[in-house]
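# Structural features, examined
Each chain, letter by letter, is given below.
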Amino acid sequence: HERAQQPELRLLLDGHRRLRNGEEGTHTWYMIVGKIVVGDTSSGQQWQLERRLSHMRAFMHDPMREELASEYDLYFESSHFAHHGGPRGTSARLV
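Residues numbered from 1 in each chain as written. Predicted model: local features only at pLDDT ≥ 70, side-chain atom pairs only at ≥ 80, totals over all residues. Heavy atoms only, no water.

## Considering the overall build of the protein chain
- Across its full length, the protein chain carries three helices and three strands.
- Starting at the N terminus and ending at the C terminus, the protein chain contains elements arranged as β-β-β-α-α-α.
- By the burial criterion, 21% of the 95 residues in the protein chain qualify as buried.
- Taking contacts inside the protein chain between residues at least 6 apart in sequence as the whole, the part at least 24 apart equals 35%.
- As displayed, the protein chain has an accessible area near 7800 Å², and 49% of this comes from carbon and sulfur atoms. (Helix = DSSP H or I, 4+ residues; strand = E, 2+ residues; numbered from the N terminus. Buried < 20%, exposed > 50% of the residue type's maximum accessible area, 1.4 Å probe, protein only. Contact = heavy atoms within 4.5 Å. Areas by Shrake-Rupley, 256 points an atom, 1.4 Å probe, with all protein chains shown as cover.)

## Some thoughts on the confidence of the model for the protein chain
- Across the protein chain, the average pLDDT comes to 83, with 80% of residues at or above 70.
- When mean pLDDT is taken per element in the protein chain, strand E3 (residues 45–52) scores highest with 92 and helix H3 (residues 90–94) scores lowest with 64. (pLDDT = per-residue confidence, 0-100.)

## Quick word on helix H1 (residues 53–68)
- When the local axis directions of H1 are compared, the greatest deviation, roughly 30°, occurs at His-61, which is followed within four positions by the proline Pro-63.
- Taken together, the buried positions of H1 are occupied by Leu-53, Met-56, Arg-57 and His-61.
- Ala-69, located one to two residues past H1, shows a positive phi value of around 50°. (Bend = angle between axes of the 7 residues up to and from the residue.)

## Some remarks on the pairing of strand E2 (residues 26–38)
- As paired strands, strand E1 (residues 7–20) and E2 are joined by 12 bridges and run antiparallel to one another. Following the sheet pairing, Glu-8 is matched in E2 by Val-37.
- Where E1 folds back onto E2 in an antiparallel hairpin, the turn is made up of five residues, including Gly-22, whose phi is positive at roughly 55°.
- With eight bridges joining them, E2 and E3 adopt antiparallel strand pairing. Residue pairing for E3: Tyr-30 is matched across the bridge by Arg-51. (Pairing = 2+ DSSP bridges.)

## Here we look at the pattern of salt bridges
- The final tally for this structure, using the stated rule, is two salt bridges.
- Of the charged contacts, one joins Arg-10 and Glu-8 as a salt bridge, the two residues approaching to 2.8 Å between their closest N and O atoms.
- A residue is classified by how much of its surface remains accessible, and Arg-10, at 36% relative accessible area, is partly exposed.
- Owing to a relative accessible area of 40%, Glu-8 belongs among the partly exposed residues under this scheme. (Salt bridge = Lys/Arg side-chain N within 4 Å of Asp/Glu carboxyl O.)

## Section: the sheet that holds E1
- If you trace the three strands from one edge of the open sheet to the other, you get E1-E2-E3, paired in antiparallel fashion. This sheet does not close on itself; its edge strands, each paired only once, are E1 and E3. Pairs of neighbouring strands in the sheet enclose a mean axial angle of 20°, with direction left out of account.
- Sheet strands touched by H1: E1, E2 and E3. Its angle to E3, the strand with the most contacts, is close to 115°. (Axes fitted to C-alpha atoms, helices over the stretch in contact; angles between N-to-C directions.)

Here's what the structure looks like:
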């Protein structure tokens, strides 16, 4: 029988906004659009959420880097994660 295709997770950055958070100061929140796609179909499960750079680092980048270990650079050698503190150009590094 035919083997089922593996689903693909796609994450897109869809802008950002800066929000004042009381005494903590101003933080940048990034809009992430997630989509699960199977095959060449354009339909699929899609959602949106907002996260700060620190969230993306702690819950996506760092665990992936740890899990891939020495293979990390094979997949991401030309795609460096954004710098700490979210300086100018952060959105471009996340795309």
